[in-house]
Amino acid sequence: MKKNNAEEQKTVVLESGIEVKPVYGPEDTKDLNFEGKIGHPGEYPFTRGIHPLMYRKRPWTMRQYSGFGTPKETNERFIWLLEQGQTALNVAFDLPTQLGLDSDDSFAEEEVGRVGMAIDTLEDLEEAFVDIPIDKISTALTINPVASVLLAMYLVVAEKQGIPWDQVRGTTQNDILKEYIGRGTWIFPVEPSIRLIGDMVEFCSRNVPKFNPFSVCGYHIRESGATPIQEMAYAFEIAITYIQEVLSRGLKIDDFAGRIAFNFDIHGNIWEQVAKFRAGRRLWAKIIKERFGAKNPRSMTLRMIAGGGGGGLTVQQPENNIVRGAYYALISALSGTQTMALCSYDEAYTIPSKKAALISLRTMQILADEMGLKDTVDPLGGSYYIEWLTDQMEKKIVECMQKVEDMGGIVKAVQEGHIQREVSHQAYLREKKIQSGEIPKIGVNKYVMAEERTEIELHPFNTKVAEEQKKKLGRIKAERNNAGVEEALIGLKEAAQTEENVMPHMLKAVKSYATLGEITKVLKEVFGEFKEPVGL
Amino acid sequence: MVIAKPGLDGHDVGAKVVALALKDAGMEVIYTGLHRTIEEIVKTALEEDVDVIGISIYSGAHLALSKKLMDRLKNMGLADKMVLIGGNIPQKDVSTLQEYGVDGVFPVGSNLDDIIDFIKKRIGA
């Protein structure tokens, strides 16, 4: 009996610093007025979801992250995933591609085709999308500092497939500020990087209206150690920075805000995550409406991809990650996500094997078709606890955003390394709590199995990819019109040096089969490189 | 000691967490930041006269990068430096890394105290 009492007395505090009571009732939500704070799905402030019917009308988009080796191998995997019922694509690029290096660059050694597919020229992206109707399948390109190059390549692939640009649907991740905080694929300094994002948004709003030119990633910020509150607050501050850049070019908020996308993390306490997203939707709607004066309700909707949470997975007892993935999918669905991508159970080791990718896809399909998640919108809405927690989370996110603004804004805080230090210190504290058992992790600090050498099937790495890519690159360089390449690169350089939008020149450069590395080199000459603040 | 991120991999949480733990344990720690070449890392180790070099790799390129590091250290007459590696290191590669001369392998999920104890025992601090 004594133990039970102690259990009851023990305080429960969420990662967000909010203390949870054992029971909630009407008195906890009496100050929440329905119309102002909650409202109907599809209506301002969108707390319950951004569409009136949500999954009743259409289930979430299923978009597993995939790509490896050569573009041809990746194309085969894409087609196979689509045959299995996946409804969109999410492209993984290898690290040289993500950092603007060609496959024959000495710094790219050992990395070609390893964590994603290798792209050197337009020809590679053409091969990756053979037999894939890109007017019907939306594609997310997980690419950041060189997103403008990949967008240009993707648009030329569309052109070659005979698809008009106004039918092209997809997203470039293109969130450079979070790359400086976590994930680490940055090249250029902060200001010119933000300018490139502005160029892309401006270009897309005029020419590719169904394309999302950037997706702000709270995800990687959280993976780097941030709390759920910081994840949302920093993501919103980053999104606001990009919005201000675009507004400074004379566009109106309603010209582009409806194409802003977010990518969020899901691991952690289930109720805290659901409340995080409900609070996030409400707050974002308010920011866009009140601060930026949007009139179109679509501009005010927080559209997101969720489902991943690599930080919650474990290398120990890896099959447990299948179960975690299923819960993450459930949380994502209860949170009203538009698109779902789960981390595969082997994520802690490698990029997904075919088997792991299929289990993730089936997890989402089982949830959608067997469990009733499509039946009704925001089934947790109205719960005393969830509504109370949503309100608490919103207040905390607002406070955290204010803290960033007090530091002089997110750009300054990132340039000076404050945000990076804050999240890495939190990652350290969290790791200490896991090691001490204060944060329970099954298979890590609880129910540990002495002899566990679970050998899981890993995605194989093919060392021949680099050779194949280099050979191809050599052939393209020999065949292309080098004078045309030179001319396009000079045009790009001149645009980069002025305030002219680089996108038309980028298109010309990729069409001439200039390589990703050549284009990046030109931009580096103009912009320079980011100097990472490394103080711990 | 120096904690370094060689190559293109951007996963730096592990490196920073270990660096903070070692700092807390009273060691002097330099963190290089991302995208360092092996040459740059060895240069830092030489200039700062460190006892220990720790590298962290998650992309899968750990074997090639470790080999390159060990060769470079030998060529520079720094073979006596303690070398530790962390990150996404499969069990099957541990013996190869040891053959290259890596002193300690601490994959994802390693205990921070084990890393600290390992260094203290060998350095005799």
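Residues numbered from 1 in each chain as written. Chains lettered and ligands numbered in written order. Predicted model: local features only at pLDDT ≥ 70, side-chain atom pairs only at ≥ 80, totals over all residues.

Undergrad: Looking at this structure, how should I read the confidence of the model for chain B?
TA: A low pLDDT score tells you not to read the predicted coordinates there in detail. Taken as a whole, chain B shows an average pLDDT of 95; of its residues, 98% reach a score of 70 or greater. Across the whole predicted complex the pTM is 0.96, and at the interface the ipTM reaches 0.95. (pLDDT = per-residue confidence, 0-100.)

Undergrad: So what exactly am I meant to see when it comes to helix H13 (residues 320–334) of chain A here?
TA: An α-helical turn contains 3.6 residues, so a residue and the one three or four places further along point in the same direction. Residue and element names in this part refer to chain A. Taking 1.5 Å as the rise per residue, H13 with 15 residues should run 21 Å; its terminal C-alpha atoms sit 21 Å apart, in good agreement. All of the buried residues in H13 are Asn 321, Gly 325, Tyr 328, Ala 329, Ile 331, Ser 332 and Ala 333. Contacts from the buried residues of H13 go to helix H12 (270–291), strand E11 (303–306), strand E12 (339–340) and helix H14 (354–370). Just beyond H13, the residue with positive phi is Gly 336, at close to 75°. (Helix = DSSP H or I, 4+ residues; strand = E, 2+ residues; numbered from the N terminus. Expected span 1.5 Å × (residues − 1). Buried ≥ 20, exposed ≤ 12 C-beta atoms within 10 Å, placed from the backbone. Contact = placed C-beta atoms within 7 Å.)

Undergrad: Whenever I open this one, the pairing of strand E3 (residues 52–57) of chain B confuses me. Can you help?
TA: Successive side chains on a regular strand alternate, one facing one side of the sheet and the next facing the other. Residues and elements named next belong to chain B. Here E3 lies mainly inside the structure; 6 of its 6 residues are buried. Neither face of E3 is open: one carries Val 52, Gly 54 and Ser 56, the other Ile 53, Ile 55 and Ile 57, and all of them are buried. When strand E1 (residues 2–4) meets E3, the two strands line up parallel, connected through 3 bridges. Following the sheet pairing, Ala 4 is matched in E3 by Ile 55. Strand direction decides the pairing type here: E3 and strand E4 (residues 82–87), joined by 6 bridges, are parallel. Residue pairing across strands places Ile 53 opposite Val 83, the latter belonging to E4. (Pairing = 2+ DSSP bridges.)

Undergrad: Would you mind going over the interface of chain B and chain A with me for this structure?
TA: How big an interface is tends to be stated in terms of the accessible area lost upon association of its parts. With 28 residues of chain B at the interface, the matching set in chain A holds 29 residues. In terms of residue count, the dominant contributor to the side of chain B that touches chain A is helix H1 (residues 13–24) of chain B (7 residues). Residue composition of the side of chain B that touches chain A, grouped by class: 14 nonpolar, 10 polar and 4 charged. (Nonpolar A, V, L, I, M, F, W, Y, C, P; charged D, E, K, R; others polar.)

Undergrad: Is there a simple way to think about the sheet that holds E3 of chain B in this case?
TA: Within a sheet, each strand pairs with its neighbour through backbone hydrogen bonds, oriented either parallel or antiparallel. The 5 strands lie next to each other as E2-E1-E3-E4-E5 (chain B), forming an open sheet whose pairing is parallel. Only two strands of the sheet have a single partner each, and these edge strands are strand E2 (30–31) and strand E5 (104–107) of chain B.

Undergrad: In this structure, what is going on with the nonpolar core? I would like to understand it.
TA: A general feature of soluble globular proteins is that nonpolar side chains tend to end up buried together. Ranked by internal contacts, the top residues of the largest apolar core, which has 188 residues, are Ala 235 of chain A together with Ile 53 of chain B. Residues in contact with Ile 53 of chain B, not counting those within four places in the same chain, are Met 1, Val 2, Ala 4, Ile 41, Ala 45, Lys 81 and Val 83 of chain B. (Core = buried A, V, L, I, M, F, W, Y, C linked by C-beta atoms within 7 Å.)

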